[in-house]
Structure formats: C-alpha cells, structure tokens
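One-letter residues, chain by chain:
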Amino acid sequence: MSDFPRPDELYKSIDYSPPATGWMDTPIKFRPGNWCYPAKPDVLRYVHFPNPREWSAEDKDWKLPENWQDIIHQGFRERLKKFRTFQVFMDICVRCGACADKCHYFIGSGDPKNMPVLRAELLRSIYRKDFTLAGKILGKLNGARVMTEDVLKEWFMYFYQCTECRRCSLYCPYGIDTAEITMMGRELLHLVGCNINWAMEPVANCERTGNHLGIQPHAMKDIVDFMCDDIEEITGKRITVPLNEKGHEVLFTTPSGDFFADPGTYTFMGYLMLFEAIGLDYTMSTYNSEGGNFGLFTSHDAMKILNGKIYNEAKRLGVKWILGGECGHMWRVLNQYMDTMNGPADFLEVPKSPLTGTVFHNAKSTKMVHICEFTSDLIRHGKLKLDKSRNDNLRVTFHDSCNPARAMGLLEEPRYVIKNVVNNFFDMPENTIREQTFCCAGGAGLGTDEFMDMRMRGGLPRGNALRYVQEKHDVNTMACICAIDRATLIPLADYWAPGVQITGIHEMVANALILDGEKQRTMNLRQEPLPGFEEEE
Amino acid sequence: MNALYSLVFVLTLVLIPLVGVGAADLKTIFGVCIPSTAIIVFVAGFVYKIIKWSRSAVPFRIPTTGGQQRPYDPTMFKQNKWDNPSTGPQTVIRMLLEVLAFRSLFRNTKASLHEGPVVAYASAKWLWLFALLFHYSFFIIVARHLRLFMEPIPGFVNALDFVDGILQIGAPVVYQSDAIIILGLGYLLGRRLWDARIRYISLVNDYFPLFLIIGIVLSGVYMRYFAKVDVMAIKELTMGLVTFHPHVPANIDITFFIHLFLVSVLLLYFPFSKLMHLGGVFLSPTRNLPNDTRMNRHINPWNDPKVHARPYADYEDEFREKMVNVGIPVDKPLPSAPAGAEAPEKA
C-alpha cells in the first residue's frame, strides 16, 4: 500500500461540495480501495446462494442472470410486504438532509451518494418507477428511474459502503434507518449473485464449522489450550476450559475473532481468568464457536441460520442460561432478533448470577446476559479482587460500538467496568460517543484490506476524536466491546492517531484481577512488563 | 432546475382557476366539484396508505436506541426512558416528543472540516426551529379555518383566533401564525435553494409542495389583508359543502377560487407524496416500539421454521473423529471406539 495517501493528503482530498451533474447523471467509478472483492463461487454454492460465478466489480459485464430485472422487481415487491420499515421508509422521506453529514463515509469521502438520504434514494428511485403511479407517469420528474445495470452497480457500490451503524437513523425525524435500507439492498443484490467474499465466506464457515474462520473443533481445542499455557506463564495457574460438556450452568458464547487474532485473544484470556477467579460453572461449544453474526449484514435468513446454533447448543448441553462476550453485531442480533427468530427459550431459566444472586430480569425472555452486565454486577458486590494499579500504564478511552449503542443502549455498564479496573479513563467528545458514536468503518462485512481506502476515510471521525483525547489527555489505549473493532480499529488508530493501542475491556479486567494462589504477576496478558516491573527485563 | 419546474407548475395551477372562473365562469366546478372530489380523494387516499402500511408486517422489533438501556438493576445505572423506552407508556412519551417536539431533529449537528485535520461538530438547531414554527403555524391556521365549517363556531376556535391575533396589529388584525408560516416556509425553501448539499438531494417532489403551500398562504393573506374579501359569502359556500347543500354565492372574489383550487390540489397530492410523513411518523418501527426484546418475545408473522441452523448431529457427523481424538465429548461414539471411553470427566 505504498501509494496510499498520507492522512493530511487524504484530508485535503475531501470536498463536500457536490458535483455539477445531478446524482442520477453522475456515473460511479470502481477503483481499488472503494469496493470489496466478490464472493467466491464455491462459497456461494455451499450456502445455496444464487448465481455463483467469477466476476469483478471493475468488469463491464457482471454476468447477471438473464431475467435479473424481473428477479429484482419480485424481490422488491416481496420485501415491501414483509418489512413495514422498508415500505414506510420508501414513502415518507422528506429529504430534509439532517442525515447527510452524520455518516462516517460521507464525512471522510464527501461523496454525495454516501449521504444516507441518497443511499436510500438509490432504492427509492426504483420504488417510485415500479410501485407508484406518479413515478410510472412522471418518471424522472418524480424522482423515478428505470432499473438498469448501472443502477445495480450503484447499489453494489453504496450498499457495500455502508456499515449499517444506524447513526443517521438517530437523527432522522422519522427514524428512517439506513441499516434497514442497506439490508434490503443487499438482500436484493444476493438474488442476482452480487455479494462480497468478506461477508459470504464467514457465513459459509459459520454454518459449517460454527465459526467464521473455519476453525474445526480439534483446532479450537488447541487454540484454547495454547491460551491456557500463556495464562499459566503469566499467573502460574493452570486453567482448564470445558468444551461441549453437558450439565453446566452457563453456556459462554463469544465471537471467534477473540480466540484467533490479537488483541482479541487477550480479551478471551481475560474471560477465562475471570471465570476461573469466580469459579463459574460454564462450558463453551465448538458447534457454536461464533457469537458474531455475519448473517446480520447478509440476509435475514442467514442471520437466523447462524444465530440458531446458540439456542440449539444451550438446549443440547442442558445449561440454565447463556453469557455473551464482547461483540457488536452479535449483541444486536441477541437483543433485537434472537428471541423472535429462534425462540422461545423456554428450556432455559431466567439468568441469575450464581455469585451475587442478582436476577437479570432485563433478559428474562432471551436468557442471555452481556458480560459487561455480568462483570459490573460482580464488581458492585465486591466479588472480584482487583488491583487497578496494574493498569496504571494505560490511559484509556472507550469506543462505543455501534450496535450495543444504538440497537441496545449498553452505555454505562462497560464504563462502570473500565472505571473499576483502570485509574485513568477519559471519554472522547460527546458528539462521538454513546448513542452518537462513530463506526470503525469496517463493520457489516467491510473490514477487509482491499477496502482500506474507504475504511480510512470512514475512520476519520472516530480517528479524529481519538486523536483529540490522545493530544489532550495522553490517551494511549482505546477499549471496545466488539471483535470487529478489535481488528479494524488497529489500522485506523495507526493511521489517524498513531501510538494508541486497542484493547477489549476484559483484557484490562484480567490484568487487574487477582486470582487465588497466583504467583506474583510481573507481566500483563500481552506479556509486557506491568508498571513497576519494567526494570527487571 | 427542479425548483424552477415546481414554480412553473404552481403558477400554471394558479392560472387554471383564473381562466376557469374568471373567463369561463365555471364557479360550481371550482367552488363545489373540485373541492369535494379533493376531500374524498384525500380521505380515501390517506386511509388507503395507512392500511397499506399497516398490512406490511413488522417482523422484528428494531428501535433505534438513543440512550442508556434499562439496566438489570435500576439503582445501578439510570435508564434514559424517553430515548430508550422499555415499556409501552415510555414509548408513548418518546413518540409524543418525536411528533410534537421533533426530538430527533433537535439532536441535529453540523460536521465541518478544519486544518489539522480536525472534524468539528456544532449544534445546528435552525432546521428544528423553523420546521417546528412552520408545522405549528400550519396547524393553527387549519384549526382557525374550522370557523368556516361550523355554526355556531366552537369556543376553542374563537379562543385560538383571539390568541393568534393577540398582538392586535393592523386592521384586520394580523395573525401571528400567518407571519410565522411565511417565515418558516421561507427558511425551508431558502435552505433548499442556497445550501448546495440540500439542493443536490432536492427533487421536484420537495419543491412542488413548498411552492404550493406558499401559493396557498399568499392567496390567503392577500384575501384577508389586501382584498378584504366577503367572508360571509365564503362561509355560505363552505357551509353548503359540509351540509351537502352546495351553493355558490355570487359575490365571491376570484382570489378565493385560486386559494380553494390550490388547497384542493394539495389535498389531492397529499396521500401520494412525501407529505404522508404526517401519518408515517406514527408507524416508524425504529421509533414506535419499546426496546424490550430481551424481556418480551416479539412474534414474526412470517417466521419460517424451514429456515434453521445446521443441526448439531450433522456437525458431529462431519467432525466426530477429530473431536474424539482431542477428547471433546460427542453424542454418538465412533463406530470402532468403546462407548464413552474418550469423553473426559466434567471439569
């Protein structure tokens, strides 16, 4: 990526003034960095998605099925009936423009079609032509246009330049949710075989192996054992992790990114040490080794298929309730879709913390508790022995992940945990956190390297807010509760705020956590010296 | 260009009654037939649209949450009940704030880029303010017009009339709502014309209703303050309409027919346009549902049981040998291995 622009050059290239030609008459250009590679044919065949083939967005011929317009039309009609969101959002936008500068991709690119209102108009213009009388008669005068291959290409570009983060939806006076628009757009694109590999291969892997990386059960056991070795080296204690065992109280589900790549692995070790410290009676599962749901941004059916494994496994293993790790897309599905899609979970019990007796009434139907809720409750009841000073080398800020923020409202729980395990915590400016948080620009399947140009552009608002606290408070660590964040925020921080590292909350919890019978800790989970032990290297 | 088209449209619409009534003297058509048709189309169209929306399913409960969720222990964290409601009554308050106070628009910010680079966000409440002014004055003006359709005039209409003219300026007294709506419309039109970004997204569908409403307001203002038309004659006509005894008095000013025609066009246009946000705002699933899906199961009417996860048994069949080899418990033993021999004790 030698020709990649420097941050100041990229910044200078952003121009918010729209082009002279109207948006319907302004052609789009696929260039390296602004689109993700198409799904491989084998992947599509495995998940039974239509039209598997080799193709590229930069090709002139996308090898669409012969009757593709008809397929799209029928799919559009069907979804208008199945989703009131879609039907109402097609009808009521007044184009007030309040959403325009709320999108991270617009802020970082200045491309007017990244204004959420125009992203939706890409569908709305076809809706008017195909489904409204005025659009049929008046055509372009009524903002309607005919579905052509160029329109389809535009859909592919802009529905894969949206991370479904819902920030625009917060500001819309009618709650028009671009995540819904994008989900519909992507479902329509699937019907004619236009999708991206970074979303589809994980979907296929999740279905087959239980996790998006395609890790098979024996390999997962190896990975977990390896982490237990590291934990032993750091703490002197040997931990065993139950896999696929029946008869435990809790099933623990977390995104598989956590046991595959740094720094998620440290977060994962953090969970294991926490469970060891409190003696939690739990098991994990290889069949359900992915909490993160790649179906959320693929299709509603794919979401249901992948999510179904959690309840399946909870039932098979006979647990009482389910604990979920730090993950954004996973928690949107768990909060807003799981019970509807795969419930009722009447074979489980209302979650109750075995240590504090706290009953999680707010999860009485899904029976799934967020680990930040669980840990904050432990801390409140003094069940954890914590030495905050072990994190004194960290000056921490917190990135609210889009989905827990705007599809759940998990805002105070993670902050409470952080403040109890570190001494130096600083929030970013208020327009960039909590419900107003900015996306990492790599969510919804877009966290892939070939998309780096748009990721860095979309990462500008988050990176800039991070830079602000870095300069003002010497922040050197950004915590998050999302596995995608833990992967995508690293290049983002390197680019926009070099020197800031990314961490999960439970990595910091485990660093501060004093285990019974542990040896004197001299290093943190990254095996770097703890504060006060730097000299002994 | 879209603005110009819309302006020409509306001017053409003004010409129609000018010619129709002024030259051709089709007073019954413009005074009775067109308005009654418009009302019927408006009501039927509005109802049709609402029914169409209601018949579209709400498969999932997906509110956009704007604050702290209901925590597991209310003493632990404070829930933001109005922006992230978890019960019906809280959701009603969220909707009331949205519909009556434009809560979401109140959040509006403006992002700007500066050297550094620095992305700055400033509060931007002008749109909220003028949108609110426009909608409320529109509402008051419509309510004031009830005096033309009711005999005796209800007390609240007279009260509204009095309050709206409380500044007692001019004769006839100037209604504040008339001044404010012109201000509001001016802002809404002005930002579409001058803000390059808003101009870029604006369609004829956006300018046309603005010019139409401006036309209605200006013709109304002209009648009241300048032409000083015979209101009693107009009331004779309007009362005739609502009592189904249509009658067009002779001494009605041509401006009234223009005003009435533009209103009729607005009513005809309304159900098939973005103006239906009036009804749609109540039906938006990201606003009108509580964030309670971990507590109460929401039902999807088209949930398809045939769509389901890969069954565990299928998974174990594919990986059984590998699982057994590393000591992961399995449900069905390997054909050759003695049953249960490989499964470790519970940890």
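What counts, and where the lines are drawn
- Residues numbered from 1 in each chain as written.
- Chains lettered and ligands numbered in written order.
- Predicted model: local features only at pLDDT ≥ 70, side-chain atom pairs only at ≥ 80, totals over all residues.
- Domains from an automatic or database assignment.
- Contact = placed C-beta atoms within 7 Å.
- Helix = DSSP H or I, 4+ residues; strand = E, 2+ residues; numbered from the N terminus.
- Nonpolar A, V, L, I, M, F, W, Y, C, P; charged D, E, K, R; others polar.
- Buried ≥ 20, exposed ≤ 12 C-beta atoms within 10 Å, placed from the backbone.
- Pairing = 2+ DSSP bridges.

Caption draft 1: Region of interest: the domain arrangement of chain A. Residues and elements named next belong to chain A. Split by domain assignment, chain A resolves into domain 1 (7-30 + 50-194) and domain 2 (203-512). Each of domain 1 and domain 2 has a C-alpha centre, and these two points are 31 Å apart. Taken together, the contacts link 19 residues of domain 1 with 22 residues of domain 2. Those elements that provide at least two residues to the side of domain 1 that touches domain 2 are α1 (7-12), α5 (104-109), α9 (167-171) and α10 (178-191). Per-element tally for the side of domain 1 that touches domain 2: the top contributor is α5, with five residues. The residue inventory of the side of domain 1 that touches domain 2, partitioned by class, reads eight nonpolar, six polar and five charged.

Caption draft 2: Spotlight on unusual backbone geometry. For the peptide bond that leads from Gly343 of chain A to Pro344 of chain A, omega is -5°, which places it in the cis range. Cis geometry is found at the peptide bond from Ala171 of chain B to Pro172 of chain B, where omega equals -5°. The residue Pro172 of chain B is located in the loop between α6 (155-164) and α7 (176-194) in this model. The backbone of His48 of chain A sits at a positive phi, close to 60°, despite the residue not being glycine. Take His48 of chain A: it is sitting in the loop between α2 (41-46) and α3 (68-82).

Caption draft 3: Broad picture of the environment of Val217 of chain B. Residues and elements named next belong to chain B. Positionally, Val217 belongs in helix α9 (residues 204-227). What makes Val217 buried here is the crowd of 21 C-beta atoms within 10 Å. Each C-alpha atom of the pair Val217 and Leu262 lies 9.8 Å from the other, and the pair is 45 residues apart in sequence. Apart from residues lying up to four places away in sequence, Val217 is in contact with Ile181, Ile182 and Leu185.

Caption draft 4: Just the pairing of strand β3 (residues 321-324) of chain A, in detail. Residues and elements named next belong to chain A. Side chains Trp321 and Leu323 project from β3 onto one buried face, and the interleaved Ile322 and Gly324 project onto a second face that is buried too. Relative to β3, strand β1 (residues 250-253) runs parallel, the two being bridged by four bridges. Each bridged residue has a counterpart across the sheet, and for Thr253 the counterpart in β3 is Gly324.

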